[in-house]
Protein chains: 2
Amino acid sequence: MTSSYSGPQVRRATILDVAAAAGVSRQTVTRAMNDMPGISASTRERVQQLAAELGYSPSRFAKGLVQGARTSLGLAIPDLTNPYFPAFASSVVEEATQRGWNVVVDDFGHGSGSGLDAVARLGPQVDALVGYLGASSSEAQSMMGRRPVVVLDYPSGQSAGLISFDYAYAAQLALERLKSARCRRIAYLDADLEGPATTRGLAVAAAAAGAGIQLTVGQSADSAHAAREAVRSLLADEGGIDGLLVFNDLMAAGALKALRDAGRRVPEDCAVIGMDGIPLGELVTPELTTLSLDLRAVGRAAVDLVDNLMSGRIQAGSRDSELVLKHQLVLRQSA
Amino acid sequence: MTSSYSGPQVRRATILDVAAAAGVSRQTVTRAMNDMPGISASTRERVQQLAAELGYSPSRFAKGLVQGARTSLGLAIPDLTNPYFPAFASSVVEEATQRGWNVVVDDFGHGSGSGLDAVARLGPQVDALVGYLGASSSEAQSMMGRRPVVVLDYPSGQSAGLISFDYAYAAQLALERLKSARCRRIAYLDADLEGPATTRGLAVAAAAAGAGIQLTVGQSADSAHAAREAVRSLLADEGGIDGLLVFNDLMAAGALKALRDAGRRVPEDCAVIGMDGIPLGELVTPELTTLSLDLRAVGRAAVDLVDNLMSGRIQAGSRDSELVLKHQLVLRQSA
DNA sequence: TGGAAATACGTGAACGTTCACGTGCTGCAT
DNA sequence: ATGCAGCACGTGAACGTTCACGTATTTCCA
């Protein structure tokens, strides 16, 4: 058996170690480390030097305990690999950084975790939570106690702050566009997720019914690859489709691939509209017409809401704690 | 002037508040909250109930102080919006979560921040750092003191742990492929970044010289849009290019657009090879041949290295603290 | 009915900082 | 000589937990 050397778990140097080494008191070390006045230049330098040699870095816990918390924001994301989320996360991080907060992320897509697992992990570490939680928002809120929770893209708000999207409006925009492009046989490809998918699906179905459109509905996992397969078999079953609305842009990219595989020209043979407006849409061929969302604005709104909830300017569960954002139709080549 | 109500900055409830409300001691509250033995079921329930009512959640600082740190890992990312990084970040988060660590991210792309700003922000909050820092790794290490630092894609390791890539090998693979595709006039589009770009550029130039290839070099910012413009003007200046190697896949996607704009067929008129192997490459048309990197493996390697540095199994600055990964040529349609 | 063991709780100390003071010393004007 | 200001530094207390004990009260068997 080779040595199971467990390494230098030696006890980190504390402020007292530095003080002893320098022959001064705690407070003088504090003054040196934090560039406070009331200390001579020579002492300051000597202490800093010694601190570096001992590998001293102040305990964030002790500091936090005595100074009061620097806010830390939990960010629960289903899957950072899905290009929708980085755009959003990036904006949250930027906005939080501007406020001097820091952001603890949890990606619960891998492994069998649900959103609530992420909340459980983040809970003890953070002062507030923002997340795309497929799970019930009130569950999350109860795990966080009085601390602010903002849930995105969830059907109906309970006790938590909520940012949702006006899918009825979005669906109407998309269907109008497809109709004016003379599409007759329209399909909607939904994702097989819990919350958002059904919401979007219902909104699209309702809008179609309202507009007298007979809608074919398909479903796939939330990935380009899965969408490609789903559209492939959709085309096999329902040959005559000439308009396709897709759950999101990533899946729409897969749909474009499937249409190309089947020899259908886009938009001539079949128009395609995606959803959410991620940068990817401009890089595929043909470029994707989409119901665009300003994802940076979504992130900003989420952090703003947290800020307002934390400061008490907005009451959790009140009308003001729910925000509905609208998509915007961006015309490119695919429809 | 309307009320500038500053909200309930009231002082968070502490364990003593709960104890008082329940008529028990601190310790009993601790037992109730942490599901420890030595407490009756009825008391436990009553305390938990009261805690919820008072909105009590234990201070992570006090807890951390007395229990010893739960490891938290800083992750410094230049730009989450660039699809290279989420794939990496996602893997780091997953790997860290498995170890029970949590991850604090900082995206320093927005604003004028350099990597060192991110290190300064993260430094006080974390026990170790992983990052794509354009800045000098030894600067970062000195800001972190004895705490582990792992820098990615940086030319030469100093005091910090280092994960870099064998660009000589990668360049050779790419140029061989282009040569065997009968490309005569080959260009390399570099990014205008500090560290990595020059490294890659030098490697490509060296490999070209070694293979007797005369190389045209262009440069652009690290985005699809900028690359599109750069390739547009490259084609205007140097009409005869029939092979193009690009700094990364995102820029390669822009290059594909520019070639299409100019009426060049890919790969017939001009072959294109990207770098890093992000999922986007499979979604563009034609699908992108690329020097692929297993980004999840990169994240795994980074967290492993941090783990080893932290436990002392590997000494910072030693040979073992440097790891060189190799790209792999993935043939798709564009070359 | 004695006494040991189990149960349910309480108390001092410690974690590592910073804050709000307090103290000694030097220099300088009166 | 006296007083007073300013500088450089030190000390008790506090932040909110948990840990390692200690202590009543009850239980249960011989």
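Residues numbered from 1 in each chain as written. Chains lettered and ligands numbered in written order. Predicted model: local features only at pLDDT ≥ 70, side-chain atom pairs only at ≥ 80, totals over all residues. Heavy atoms only, no water.

Another aspect to go through is the packing of aromatic side chains. Under the criterion given, the structure shown has 10 aromatic pairs over all chains. Taken together, a centroid distance of 5.2 Å and an interplanar angle of 75° make the contact between B:Phe85 and B:Tyr132 edge-to-face. With a gap of 47 residues between them, B:Phe85 in helix α5 (residues 84–98) and B:Tyr132 in the loop between β3 (128–131) and α7 (137–144) connect regions that are remote in the sequence. Accessibility expressed as a relative area gives 9% for B:Phe85, which makes it buried. Taking the relative accessible area as the measure of exposure, B:Tyr132 reaches 6% and is therefore buried. Chaining the aromatic ring pairs together yields one cluster made of A:Tyr84, A:Phe85, A:Phe88 and A:Tyr132. The ring of A:Trp101 has A:Arg99 lying over it, and the distance from NZ or CZ to the ring centre is 5.6 Å. A cation sits over an aromatic face here: B:Arg200 above B:Phe247, 4.2 Å from the ring centre. (Phe/Tyr/Trp six-rings, centres within 6.5 Å; stacked < 30°, edge-to-face > 60°. Helix = DSSP H or I, 4+ residues; strand = E, 2+ residues; numbered from the N terminus. Buried < 20%, exposed > 50% of the residue type's maximum accessible area, 1.4 Å probe, protein only. Lys NZ or Arg CZ within 6 Å of the ring centre and 35° of its normal.)

So, about the protein's contact with DNA strand D. Around DNA strand D sit 29 residues in total, of which A:Ser25, A:Arg26, A:Thr28, B:Ile15 and B:Thr30 are the nearest. Here the atoms of DNA strand D within 4 Å of the protein split so that 52% fall in sugar or phosphate, with bases taking the remainder. At the level of secondary structure, the elements contributing two or more residues to the surface near DNA strand D comprise α2 (26–33) and α4 (60–67) of chain A together with α2 (26–33) and α4 (60–67) of chain B. Taken together, the residues that form the surface near DNA strand D break down as 11 nonpolar, 14 polar and four charged. (Near = heavy atom within 4 Å. Nonpolar A, V, L, I, M, F, W, Y, C, P; charged D, E, K, R; others polar.)

All names here are of chain A. By the criterion of burial, strand β9 (residues 271–276) is predominantly enclosed, with six of the six residues buried. In this structure, strand β8 (residues 243–246) lies alongside β9, joined through three bridges in parallel fashion. Residue pairing in the sheet places Leu-245 in a bridge with Ile-273 of β9. This β-α-β element, β8 to helix α11 (residues 249–261) to β9, shows right-handed connectivity. As defined by bridge partners, β9 adjoins strand β10 (residues 289–292) across four bridges and the pair is classed as parallel. Across the sheet, the residue bridging to Met-275 is Leu-291, located in β10. (Pairing = 2+ DSSP bridges. Right-handed = clockwise from strand over helix to strand, strands pointing away.)

On to α11(A), then. All names here are of chain A. Counted at 1.5 Å a residue, the expected span for α11 with its 13 residues is 18 Å, and the 18 Å between its end C-alpha atoms agrees. α11 sits mainly inside the fold: 11 of its 13 residues count as buried. Elements that come into contact with the buried residues of α11 comprise β6 (186–191), β7 (215–220), α10 (224–237), β8, β9 and β10. If you check the start of α11, you find a side-chain oxygen 3.3 Å away from the backbone N of Leu-250, and it comes from Asn-248. Phi turns positive, to about 75°, at Gly-263, one or two residues after α11. (Expected span 1.5 Å × (residues − 1). Contact = heavy atoms within 4.5 Å. Polar contact = N/O pair within 3.5 Å; in protein donor to acceptor, adjacent residues only side chain to side chain.)

If you check the shell around DNA strand C, you find 28 residues, and the closest are A:Ile15, A:Thr30, A:Tyr56, B:Ser25 and B:Arg26. Sugar and phosphate atoms form 54% of the subset of DNA strand C atoms that lie within 4 Å of the protein. A:Ile15 has a polar backbone atom sitting 2.6 Å from a phosphate oxygen of DNA strand C. For DNA strand C, a phosphate oxygen lies 3.1 Å from a polar atom in the side chain of A:Tyr56. Contributions of two or more residues to the surface near DNA strand C are made by α2 and α4 of chain A together with α2 and α4 of chain B. If one sorts the elements of the surface near DNA strand C by residue count, α4(A) sits on top with five residues. Taken together, the residues that form the surface near DNA strand C break down as 11 nonpolar, 13 polar and four charged.

Each partner contributes residues to the interface: chain B has 58 residues there, and chain A has 58 residues. In this assembly, chain B packs against chain A so that about 4700 Å² is buried in total across both faces, 56% of it on carbon and sulfur atoms. If you sort the residues of chain B by the area they bury against chain A, B:Arg60, B:Phe61 and B:Leu283 come out on top, with a joint share of 16%. Run the count over chain B and chain A and you get eight salt bridges. (Buried area = accessible area lost by both parts, 1.4 Å probe. Salt bridge = Lys/Arg side-chain N within 4 Å of Asp/Glu carboxyl O.)

Turning our eyes to something else, we now look at the packing of helix α6 (residues 115–122) of chain A against helix α7 (residues 137–144) of chain A. Residue and element names in this part refer to chain A. α7 packs onto α6 with a crossing angle of 15° between their chain directions and a minimal axis gap of 10 Å. The angle between the axes of α6 and α7 places the two elements in the roughly parallel class. The hand of the α6/α7 crossing is right-handed. Facing α6, whose interface residues are Leu-116, Val-119 and Ala-120, α7 presents Glu-139, Ala-140, Met-143 and Met-144. Split into classes, the residues belonging to the contact of α6 with α7 amount to six nonpolar, no polar and one charged. (Axes fitted to C-alpha atoms, helices over the stretch in contact; angles between N-to-C directions. Parallel < 35°, antiparallel > 145°, perpendicular 65-115°, else oblique. Left-handed = near helix turned anticlockwise from the far one by under 90°.)

Moving on: the nonpolar core. In terms of nonpolar packing, the biggest core is built from 165 residues, with A:Phe88, A:Leu244, B:Phe88 and B:Leu244 touching the most fellow members. Apart from residues lying up to four places away in sequence, A:Leu244 is in contact with A:Leu178, A:Ala187, A:Leu189, A:Val231, A:Leu234, A:Ala255, A:Cys270, A:Ala271, A:Val272 and A:Ile273. Core analysis: the next-biggest nonpolar cluster, separate from the first, contains 32 residues, A:Ala76, A:Leu133, B:Phe108 and B:Leu162 among them. (Core = buried A, V, L, I, M, F, W, Y, C linked by side-chain atoms within 4.5 Å.)

With 93% of its residues at a pLDDT of 70 or more, chain A shows a mean pLDDT of 88. Contacts from residues 1–9 of chain A, a stretch scored under 50 in pLDDT, to residues over four places away or in other chains number eight contacts. (pLDDT = per-residue confidence, 0-100.)

A word on the relation of the copies chain B and chain A. If you rotate chain B by 180° and push it 0.0 Å along the axis, it lands on chain A with an RMSD of 0.1 Å. What we have between these two chains is a two-fold relation. An overlap of 100% is found between the interface residues of chain B and their copies at the interface of chain A, pointing to a shared contact surface. (Least-squares fit on C-alpha atoms with pLDDT ≥ 70 in both.)

Let's shift gears to the domain arrangement of chain A. By domain assignment, chain A separates into domain 1 (15–67), domain 2 (72–165 + 295–325) and domain 3 (167–293). The C-alpha centroid of domain 2 of chain A is placed 37 Å from the C-alpha centroid of domain 1 of chain A. (Domains from an automatic or database assignment.)

With that settled, the discussion passes to the sheet that holds β9(A). Residues and elements named next belong to chain A. Sheet architecture is open: six strands sit in the order β7-β6-β8-β9-β10-β12, paired in mixed fashion. Two strands in the sheet have a free side with no partner beyond their single neighbour: β7 and β12 (328–330). Recorded for the sheet is a direction-independent mean angle of 20° between the axes of neighbouring strands.

Moving on to the pattern of salt bridges. Across all of its chains, the model carries 36 salt bridges over all chains by this definition. With a closest N to O distance of 2.7 Å, A:Asp127 and B:Arg60 form a salt bridge. One end of the pair, A:Asp127, is in the loop between α6 and β3 (128–131); the other, B:Arg60, is in helix α4, on a second chain. Pair check on accessibility: A:Asp127 and B:Arg60 agree, each one buried. Across the salt bridge formed by A:Asp307 and A:Arg313, the nearest N and O atoms sit 3.7 Å from each other. Through salt bridges with shared partners, one network takes in A:Arg228, A:Glu229, A:Arg232, A:Lys257, A:Asp261 and B:Glu287.

Further remarks concern the environment of A:Gly23. Residue and element names in this part refer to chain A. Assignment of secondary structure puts Gly-23 in the loop between α1 (15–22) and α2. Looking at Gly-23, the relative accessible area reads 65%, which means it is exposed. For the pair Gly-23 and Val-47, spaced 24 residues apart in the sequence, the C-alpha separation amounts to 9.3 Å.

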